[in-house]
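In case you want the letters, here they are:
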Amino acid sequence: MSDLRKTRRSTVKRLGSRGRYDRATVNAILDAGLVAHIGHVVDGKPVVIPTAYWREGDHVYWHGSSKARMLRTLEEGAPACLEVTLVDGLVVARSAFHKSVNYRSVMLFGQPFKVTDPDEKLARLEAFVERLYPGRWKELRAPTRQELKATTVLGMQIDEGAAKVRTGPPVDDEPDYALPIWAGVIPVVTSLGRPVDDGRLAPGTGKPPKVTL
């Protein structure tokens, strides 16, 4: 796999050693996330919208109402910046200045495109469901023609961008290590709770779907 394309705007400048451009790192971060933030410009002003997303090969996809302003703006040709951040730990230092966060992030730049072919659109939506709930698509009621019409699917090539990663303990000033102040990393994890049904399950309903994170 080739590295992401490095440009002036995508090259990590602040703490550049944390930058990653290999697709293995970028793809792993994208596959571990659930929500992306899409930055774009509307009427000359910046707007950032959170949205669920998924990756297939060298593309990321997201979807929503065909009436949504963000989707309508981007399908008309506006450029976008997509960002995903995963927080892995709170880095607790001996001074306020050196406190930090352990994280994995990806920022991508590109030109989104609308998925217009009906069969491809259905396949992309199936991939979205199967990403989180393997085997779930075949159990669901099939989408109606009106539901598909009311849904827009956008994609963007994974081409220009970078990942940025911080790991490890705090880095304090050398004299501060003599201070009797606790320092280290408090891990942050994402976990699934116990499923709660909606109170209207039909007789004979099976178990909740399996989820992959």
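To be clear, the structure that these remarks concern was listed above.
Residues numbered from 1 in each chain as written. Predicted model: local features only at pLDDT ≥ 70, side-chain atom pairs only at ≥ 80, totals over all residues. Heavy atoms only, no water.

### Regarding the pattern of salt bridges
- Scanning the model with the defined rule gives 12 salt bridges in all.
- Notably, a salt bridge pairs Asp58 with Arg23, separated by 3.7 Å at the nearest N-O pair. With Asp58 in the loop between strand E3 (45-56) and strand E4 (59-65) and Arg23 in helix H1 (residues 23-32), this residue pair connects regions lying 35 residues apart in the sequence.
- The network of salt bridges with shared partners includes Arg5, Arg9, Asp159 and Glu160. (Salt bridge = Lys/Arg side-chain N within 4 Å of Asp/Glu carboxyl O. Helix = DSSP H or I, 4+ residues; strand = E, 2+ residues; numbered from the N terminus.)

### Topic: H1
- Buried within H1 we find Arg23, Val26, Asn27, Ile29 and Leu30. For H1, the buried positions fall inside an angular range of 160° around the axis, keeping them on one side. (Buried < 20%, exposed > 50% of the residue type's maximum accessible area, 1.4 Å probe, protein only. Arc of directions from axis to C-beta.)

### With respect to the pairing of strand E9 (residues 160-166)
- Across the seven residues of E9, seven count as buried, placing the element largely inside the fold.
- Side chains Glu160, Ala162, Lys164 and Arg166 of E9 all project onto a buried face; the interleaved residues Gly161, Ala163 and Val165 project onto the opposite face, where all are buried too.
- Sheet topology note: the strand E1 (residues 19-20)/E9 ladder contains two bridges and is antiparallel. In the sheet register, Arg20 faces E9, and the bridge partner there is Ala163. (Pairing = 2+ DSSP bridges.)

### Points about the side chain of Ser105
- Locating Ser105 in the fold gives a position in strand E6 (residues 100-110).
- When its relative accessible area of 12% is taken as the criterion, Ser105 is described as buried.
- In this structure, Ser105 is in contact with Ile29, Glu83, Val84, Thr85, Ala162, Ala163 and Lys164, ignoring residues within four places of it in sequence. (Contact = heavy atoms within 4.5 Å.)

### With respect to the nonpolar core
- In terms of nonpolar packing, the biggest core is built from 24 residues, with Leu30, Ile38, Val60, Trp62, Leu74, Leu82 and Leu108 touching the most fellow members.
- Those elements that provide at least two residues to this core are H1, strand E2 (35-42), E4, helix H2 (69-75), strand E5 (80-92), E6, strand E8 (151-157) and E9.
- If you tally residues by element for this core, the top one is E5, at four residues. (Core = buried A, V, L, I, M, F, W, Y, C linked by side-chain atoms within 4.5 Å.)

### Comments concerning the environment of Thr7
- Here Thr7 lies in the segment before E1.
- Sequence separation between Thr7 and Val92 is 85 residues, and the spatial gap between their C-alpha atoms is 34 Å.

### Observations regarding the packing of aromatic side chains
- In the structure shown here, the tally under the stated rule is three aromatic pairs.
- Chaining the aromatic ring pairs together yields one cluster made of Trp54, Tyr61, Phe113 and Phe128.
- Sitting above the plane of the Tyr21 ring, Lys6 keeps its charged end 4.4 Å from the centroid.
- Note that Arg131 overlies the ring of Tyr53, its terminal NZ or CZ placed 5.2 Å from the centroid. (Phe/Tyr/Trp six-rings, centres within 6.5 Å; stacked < 30°, edge-to-face > 60°. Lys NZ or Arg CZ within 6 Å of the ring centre and 35° of its normal.)

### Looking at the pairing of E3
- The sheet contact formed by E2 and E3 spans eight bridges and is antiparallel. Across the sheet, Ile38 pairs through a bridge with Ile49, a residue of E3.
- Alignment of E3 against E4, held across four bridges, turns out to be antiparallel. Residue Glu56 lies in a different strand from E4, and its bridge partner there is His59.
- As consecutive antiparallel partners, E3 and E4 are separated by two residues, and within that stretch Gly57 has a phi angle of approximately 60°, a positive value.

### Quick word on the side chain of Lys121
- Tracing the sequence through the fold places Lys121 in helix H3 (residues 118-132).
- Although Lys121 is buried, it forms no salt bridge, and the closest oppositely charged side chain is Glu75 at an N-O distance of 8.7 Å.
- Apart from the residues within four sequence positions on either side, Lys121 is in contact with Val115, Leu148, Lys149, Thr151 and Val153. (Lys, Arg positive; Asp, Glu negative; His and termini not counted.)

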